[in-house]
Amino acid sequence: MFRIESARIIAGVARIVLDVGIAEEIAQDALVAALERWPGTGVPERPGAWLMATAKHRAIDLVRRKETYARKLAEVGRTLEDVPPPPEPSERDDIDDDLLRLIFTACHPVLSTEARVALTLRLLGGLTTEEIARAFLAPEATVAQRVVRAKRTLAKAGVPYEVPYGEDRAVRLSSVLEVIYLIFNEGYAATAGDDLLRPALCEDALRLARVLQGLMPEEPEVHGLASLLEFQASRTTTRTGPDGEPVLLADQNRTRWNRLLIRRGFEALRRAGEGPYALQAAIAACHAQAVRYEDTNWSTIASLYARLMALTPSPVIELNRAVAISMSQGPAAALLIVDALTADPSLKTYHLLPSVRADLLTRLGRTTEAHAEFTHAASLTRNARERELLLARAQETAPEA
């Protein structure tokens, strides 16, 4: 229950103390108070409200003890409870929501990507340091340091606890969306470890995207990201077999795809614009619409990747476009694109580049070259399940086979 309520409690308290680190400590103090009292008094009818009230009272007591607040209190001559929170700018896009403020604060660009992810999962996902460390296969001490340093950085930089407006909002929103996207991707295709999927991370990211949808209904890219995650999440149960082995898209049982999530994906897509996340969602929608793998509209997917490439040029996007072209125009046309990408230094350690190239070579009957590429791809991945799959493909194309 506390994991569900903690983000709102921290957000509500942060509005009083204007410091997310202190707000988190006060929220945890409220949890301790509940653990001490509820065994004797019973769980309140509205436990979330009880925790919020307890935390806010402690926050008010803390502010009252500060000398600066004492002077302000003497000047206004009223108690803190009687003083309304500072008004937000009275603009058309004004959003008066503590939780949204917390999201924008935790995802502030002043923090590194790793720090933003760790702090967001801690404050908004309700994950412990141990859980975050386990999810990203990082030492617990490292994650703890990231969280502590992130809080210090926000305090030192004087980052305001607010929702930005105008141009600042667009910049900060892209950071927020990126963090949620990264969290989902790590759950959908784990960078390293023994498991291909980490469903808990997918669930956390999807929940955050839905929360953001409700808080910012007029932002098209928010709906674009939510749509993309809904579509992707609809396939998670079919991406692995009984023993956790990867199942390729062509071999997935589409009757087991979650139709509710697919419907939610289409609903969100209708409210999305034509930004990068919306285009990725449109690509995912093409897969969702295909009853069979053979029915996939690869020409449309290739066109969407071309539009995405024009918006956000990336060798990874170009590699994905090559895959779509291989399905619509044949492997030879795609291999020309992939061969050109081998000179890109940013893909030097990207295991999917030799993996895609190996698949194209296999389809062209060049199995000896494909074997070398599959073996190379297996040496680059840090995920045990992917490595097993790539080594199996390498064995299939081995000269003796």
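From a predicted model like this one, the values you see are computed outputs, not experimental measurements.

Would you take a moment to explain the overall build of the protein chain for this structure?
When you go through the protein chain residue by residue, the secondary structure sums to 19 helices and two strands. Judged by the C-alpha coordinates and their principal axes, the protein chain covers about 85 × 45 × 40 Å. The proportion of buried residues among the 401 residues of the protein chain is 48%. A total accessible area of about 20,100 Å² is found for the protein chain, and carbon and sulfur atoms account for 53% of it. Between the centroid of the 48 positive side chains of the protein chain and the centroid of its 53 negative side chains there is a distance of 1 Å.

Could you clarify how one ought to interpret the side chain of arginine 385 in this entry?
Within the secondary structure layout, arginine 385 lies in helix α19 (residues 384-396). From its side chain, arginine 385 meets the backbone oxygen of aspartate 243 in a polar contact 2.6 Å long. Once residues lying within four places of it in the same chain are set aside, the contact partners of arginine 385 are Asp194, Asp195, Leu196, Asp243, Gly244, Glu245 and Pro246.

I would appreciate a short explanation of the packing of aromatic side chains in the present structure.
By convention here, two paired aromatic rings are described through the distance between centres and the angle between planes. Within this structure, the stated rule accounts for five aromatic pairs. Summarising the aromatic geometry, the rings of tyrosine 181 and tyrosine 277 are spaced 5.3 Å apart at their centres and angled 65 degrees between planes, so their arrangement reads as edge-to-face. Taken together, the residues span a long stretch of sequence, with tyrosine 181 in helix α9 (residues 167-188) and tyrosine 277 in helix α13 (residues 276-289) at a distance of 96 residues. A residue is classified by how much of its surface remains accessible, and tyrosine 277, at 12% relative accessible area, is buried. Ring centres 5.0 Å apart and planes at 85 degrees place the aromatic pair phenylalanine 231 and phenylalanine 266 in the edge-to-face group. Of this pair, phenylalanine 231 sits in helix α11 (residues 220-233) while phenylalanine 266 sits in helix α12 (residues 259-271), and the two are 35 residues apart along the sequence. Seen from the ring of tryptophan 257, arginine 235 lies directly overhead, with NZ or CZ sitting 5.5 Å from the centre. Seen from the ring of tyrosine 188, arginine 239 lies directly overhead, with NZ or CZ sitting 4.0 Å from the centre.

I'm lost on the nonpolar core in this one. Help?
In a soluble, globular protein the nonpolar side chains are often hidden away together inside. If you look at the biggest cluster of nonpolar residues, it comprises 77 residues, and the most contacted ones within it are Ile180, Leu212 and Leu229. Counting residues in hydrophobic clusters, the runner-up holds 27 residues, among them Leu279, Tyr305, Val338 and Ala370.

Hey, could you run me through unusual backbone geometry in this one?
With the exception of glycine, most residues fall at negative phi, and the peptide bonds are largely trans. With phi around 60 degrees, leucine 18 is a residue other than glycine that occupies positive phi space. Turning to its location among the elements, leucine 18 is positioned in the loop between α1 (2-17) and α2 (20-41).

Explanation requested: the environment of threonine 54 in the structure shown.
With respect to the secondary-structure elements, threonine 54 resides in helix α3 (residues 47-65). C-alpha separation for the pair threonine 54 and alanine 30, spaced 24 residues apart in sequence, amounts to 5.9 Å. Leave out the neighbours within four places in its chain, and threonine 54 touches Ala30 and Ala33. At 2.9 Å, the side chain of threonine 54 and the backbone oxygen of tryptophan 50 are in polar contact.

Could you clarify how one ought to interpret the side chain of threonine 120 in this entry?
Inspection of the secondary structure assignment puts threonine 120 in helix α6 (residues 113-123). Among the residues examined, threonine 120 registers a relative accessible area of 1% and is labelled buried. Not counting the four nearest positions on each side in its chain, threonine 120 is found in contact with Ala106, Cys107, Gly125, Val179, Ile183 and Leu208.

Any chance you could explain the environment of isoleucine 132 here in plain terms?
Note on placement: isoleucine 132 falls in helix α7 (residues 129-135). Separated by 11 residues in sequence, isoleucine 132 and valine 143 have C-alpha atoms that sit 7.2 Å apart.

Just to check I follow, could you spell out the packing of α13 against helix α14 (residues 298-311) for this structure?
Packed helices, taken two at a time, are described by the angle between their axes plus the distance between the axes. It is at 10 Å that the axes of α13 and α14 come closest, and there the two elements cross at 170 degrees. The angle between the axes of α13 and α14 places the two elements in the roughly antiparallel class. Listed contacts from α14 to Pro276, Leu279, Gln280, Ala282, Ile283, Cys286 and His287 of α13 are Trp298, Thr300, Ile301, Leu304, Tyr305, Arg307, Leu308 and Leu311. Its residues placed into classes, the contact of α13 with α14 shows 11 nonpolar, three polar and one charged.

Explain α13 to me, please; I cannot follow it from the model alone.
What sets the pattern is the α-helix's 3.6 residues per turn: residues three or four places apart point alike. Here α13 is 14 residues long and its end C-alpha atoms lie 20 Å apart, about the 20 Å a rise of 1.5 Å per residue gives. Burial analysis of α13 places 12 of its 14 residues in the buried class, which makes it a mostly covered element. When α13 is considered as a whole, its buried residues turn out to be Tyr277, Ala278, Leu279, Gln280, Ala281, Ala282, Ile283, Ala284, Ala285, Cys286, His287 and Ala288. The elements touched by buried residues of α13 are α9, α11, α12 and α14.

Sorry if this is basic, but what is going on with the pattern of salt bridges here?
Pairs can form between side chains of opposite charge once their charged atoms are near each other. Summed over all chains, the structure comprises 20 salt bridges. The shortest N-O distance in the salt bridge between lysine 151 and glutamate 24 comes to 2.2 Å. Of the two residues, lysine 151 is situated in helix α8 (residues 140-157) and glutamate 24 in helix α2; the sequence distance between them amounts to 127 residues. You'll find lysine 151 and glutamate 24 in the same group, each marked buried.

Quick notes on the rules
- Residues numbered from 1 in each chain as written.
- Predicted model: local features only at pLDDT ≥ 70, side-chain atom pairs only at ≥ 80, totals over all residues.
- Heavy atoms only, no water.
- Helix = DSSP H or I, 4+ residues; strand = E, 2+ residues; numbered from the N terminus.
- Buried < 20%, exposed > 50% of the residue type's maximum accessible area, 1.4 Å probe, protein only.
- Areas by Shrake-Rupley, 256 points an atom, 1.4 Å probe, with all protein chains shown as cover.
- Lys, Arg positive; Asp, Glu negative; His and termini not counted.
- Charge placed at Lys NZ, Arg CZ, Asp CG, Glu CD.
- Polar contact = N/O pair within 3.5 Å; in protein donor to acceptor, adjacent residues only side chain to side chain.
- Contact = heavy atoms within 4.5 Å.
- Phe/Tyr/Trp six-rings, centres within 6.5 Å; stacked < 30°, edge-to-face > 60°.
- Lys NZ or Arg CZ within 6 Å of the ring centre and 35° of its normal.
- Core = buried A, V, L, I, M, F, W, Y, C linked by side-chain atoms within 4.5 Å.
- Axes fitted to C-alpha atoms, helices over the stretch in contact; angles between N-to-C directions.
- Parallel < 35°, antiparallel > 145°, perpendicular 65-115°, else oblique.
- Nonpolar A, V, L, I, M, F, W, Y, C, P; charged D, E, K, R; others polar.
- Expected span 1.5 Å × (residues − 1).
- Salt bridge = Lys/Arg side-chain N within 4 Å of Asp/Glu carboxyl O.

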